Amino acid sequence: LSQYSEQELLQMSIYDFLTPDDVKERPLQFDAVKEGKTVVVERIMKLKDGTLNHLEITSKLLTDGRLLSLVRDVAERKKAEAAILLSNERYNLVSKATNDAIWDFDILTNTTIRTGDGFKTLFGYENESTNNPANDRIQLIHPDDIEKVKESQRQIFTNANEYYWEQEYRFLKRDGNYAVVYDKGYIIRDDKGNAIRMIGAMQDVTRQKENETHLIKLNESLLAKSVELADSNAELEQFAYVASHDMQEPLRMVTSFLLLLEKKYTNTIDDTGKKYIHFAVDGAKRMRQIILDLLDYSRVGQNYIEPKELDLSELLQEIESLYRRQIEEKQAVIVFDSLPVIIASESPIRQVFQNLISNALKYSRPETPVRISIEAIDLNEYWQFSVTDNGIGISKEYHEKIFVIFQRLHNLEKFSGTGIGLAVTKKIIEKLGGKIWVQSEEGGGSTFYFTLKK
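Residues numbered from 1 in each chain as written. Predicted model: local features only at pLDDT ≥ 70, side-chain atom pairs only at ≥ 80, totals over all residues. Heavy atoms only, no water.

Another aspect to go through is the packing of helix α11 (residues 346–362) against helix α12 (residues 421–431). Where α11 meets α12, the axes come as close as 10 Å, and the angle between the chain directions of the two elements is 145°. Seen from above, α11 lies across α12 with left-handed handedness. Here P348, Q351, V352, N355, L356 and N359 of α11 come into contact with α12, specifically with G421, L422, V424, T425, I428 and I429. For the contact of α11 with α12, a count of residues per class yields seven nonpolar, five polar and no charged. (Axes fitted to C-alpha atoms, helices over the stretch in contact; angles between N-to-C directions. Helix = DSSP H or I, 4+ residues; strand = E, 2+ residues; numbered from the N terminus. Left-handed = near helix turned anticlockwise from the far one by under 90°. Contact = heavy atoms within 4.5 Å. Nonpolar A, V, L, I, M, F, W, Y, C, P; charged D, E, K, R; others polar.)

Encoded structure:
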């Protein structure tokens, strides 16, 4: 052990082998040996080459006065003890660094070797207690869950290819209440694949489970309300359709009889009477148009055909042809370059562009050629479109109001219409998952922006 020869050893004393610091800290126990006691001590021995080694020395005084000592090399044991100590320190540090309850389970003896501080912070069990209930964790599982846990472990332990176990169950806390825990462990196996040990951690997910339950109930409630709302909307749409259809008939009858009255008694009705008949007929026509617009508004989102590839440049050329007369009258120019091909149902997109272009033509400045510019910007998941005109503009205080149904900013003598076009446009855009807004100032033209999901 010492690397010295026998001749060298015979010329040396015990102090030649020991370091001064070791002797100072742990004096030799000669008095105990003289009393006939067997003394076992651990020493650090200085070898011939200067290196140090751990020894265990067992000494006993023989009857003839000689001292018999048995010296064992315990360097490997000391390394193992140091490794275990380091492992324990790291285990304790990990248990302090996490909110989880750390545990170490001996599968062969079916006992928990040790638990971390998380069992105190989460469940109230003192880790230092020798009678710590958490050391027998299986007994703290809810009676209704214990078989589920045992069976899941049996299945994992017997499968040599499995190294991870996880389970959710109820765990008894020290205050008598149960916590919902998510438990997971890593399985250590021997050379034959047998499960011998498992190290793991428990998380208290009680609050999370309560939130999940609350969300499920809330979603069920919202689903029920959405069904009720859908039924209510369907009834309202049906009512609007029937009401508009039934209301149009008497209006047509009133208009027809007024025109017949004017025609038959044209020689007997004075100019004032004819003016009154004109007002009545015009009012009936406007009422019919309001009913038709209301019906269009109620039908937004219905009967859209399957989305398809839609070339917006071609679509706008068709709209341009549709408004050719107004374009010529207003000396208008509509500019649209490099518009994308989108995936959408054609009917609602056509209606959006028609409404915005129609408004730009309608609300133009007198004696000023109309210019309408249409552009598109790629915003990853959305297309953002803009329709810009050089018309009369809109005061900032009305930027929200113009999208409300039947809201008009001008009298009928100046501009015709029922005030429903932008409300329909807004409803279409929102049905398609986008949004619409305006930037404008009075006398400075307007730019309408809207987005469409790709």
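Our next topic: the sheet that holds strand β2 (residues 52–61). Pairing is antiparallel across the open sheet formed by three strands, whose spatial order is β1-β2-β3. The sheet is open, and its two borders are formed by β1 (39–46) and β3 (67–73), each paired with just one other strand. Looking at each pair of strands side by side, their axes are set apart by 30° on average, direction ignored. Here β2 pairs with β3 via seven bridges, running antiparallel. When the sheet's bridge partners are listed, L55 is paired in β3 with D73. (Pairing = 2+ DSSP bridges.)

Once that is clear, we can look at the side chain of Q167. In this structure, Q167 sits in strand β6 (residues 164–172). At 3.1 Å, the side chain of Q167 and the side chain of S152 are in polar contact. (Polar contact = N/O pair within 3.5 Å; in protein donor to acceptor, adjacent residues only side chain to side chain.)

Quick look at the sheet that holds strand β14 (residues 436–440) now. The strands that make up a sheet pair up through hydrogen bonds in the backbone, lying either parallel or antiparallel. Taken in spatial order, the five strands of this open sheet run β10-β12-β13-β15-β14, and their pairing is mixed. The outermost strands of the open sheet, each flanked by one partner alone, are β10 (333–336) and β14. Adjacent strand axes in the sheet meet at a mean angle of 15° when their direction is disregarded. Where strand β13 (residues 382–389) and strand β15 (residues 446–453) come together, eight bridges link them in antiparallel fashion.

For the rest of this paragraph, the subject is the packing of helix α9 (residues 312–322) against α11. Viewed as axis vectors pointing N to C, α9 and α11 meet at an angle of 50°, and their least axial separation amounts to 10 Å. Looking at the two axes, α9 sits oblique to α11. Seen along the crossing, α9 lies across α11 with a hand that is right-handed. Contact with α9, carried on its side by L312, L315, L316, E318, I319 and L322, involves E346, I349, R350, F353, Q354 and I357 of α11 and no other residues of that element. In terms of residue class, the contact of α9 with α11 is made up of eight nonpolar, one polar and three charged. (Parallel < 35°, antiparallel > 145°, perpendicular 65-115°, else oblique.)

Take the side chain of R189 next. Note that R189 resides in strand β7 (residues 178–189). Despite its burial, R189 remains without a salt bridge, the nearest opposite charge being carried by E162 at 6.9 Å. Among the polar contacts listed, one links the side chain of R189 to the backbone oxygen of I156, at a separation of 2.9 Å. At 2.8 Å, the side chain of R189 forms a polar contact with the backbone oxygen of G193. For R189, the residues in contact, after removing those within four places along its chain, are I156, F157, N159, A160, E162, Y163, N194, A195 and I196. (Buried < 20%, exposed > 50% of the residue type's maximum accessible area, 1.4 Å probe, protein only. Lys, Arg positive; Asp, Glu negative; His and termini not counted. Salt bridge = Lys/Arg side-chain N within 4 Å of Asp/Glu carboxyl O.)

Under the counting rule described, the total for this entry stands at 14 salt bridges. Between R197 and D104 there is a salt bridge whose closest N-O contact spans 2.4 Å. On the criterion of sequence distance, the pair formed by R197 in strand β8 (residues 195–204) and D104 in strand β4 (residues 101–106) is long-range, its members being 93 residues apart. Note that K426 is salt-bridged to E430, the shortest N-O span being 2.7 Å. Of this pair, K426 and E430 both sit in helix α12, four residues apart, roughly one helical turn. Take E430: its relative accessible area is 43%, and that puts it in the partly exposed class.

Moving on, we come to unusual backbone geometry. Located in the positive-phi region is N110, a residue other than glycine, with phi close to 60°. Within the secondary structure, N110 is located in the loop between β4 and β5 (111–115). Of the residues examined, N110 reaches a relative accessible area of 54% and is grouped as exposed. Of note, S338 is a non-glycine position whose phi angle comes to about 55°, a positive value. Mapping S338 onto the fold places it in the loop between β10 and β11 (341–344).

What follows deals with the pairing of β2. The pairing of β1 with β2 spans eight bridges and is classified as antiparallel. Note on β2: the bridge partner recorded for V41 is I57. Between β1 and β2, which pair antiparallel and follow one another directly, the connecting turn spans five residues, one of which, G50, has a positive phi of 95°. Where β2 folds back on β3, the antiparallel hairpin that results is connected by five residues, among which G65 adopts a positive phi of roughly 95°.

Of all the residues in α9, the buried ones are L312, S313, L315, L316 and I319. Looking down the long axis of α9, one finds its buried residues gathered within 155° of arc, a one-sided arrangement. Residues of α9 that are buried in the fold lie against β9 (308–311), β10, β11, α11, β12 (371–379) and β13. Its side-chain oxygen 3.0 Å from the backbone nitrogen of S313, D311 forms the N-cap of α9. (Arc of directions from axis to C-beta.)

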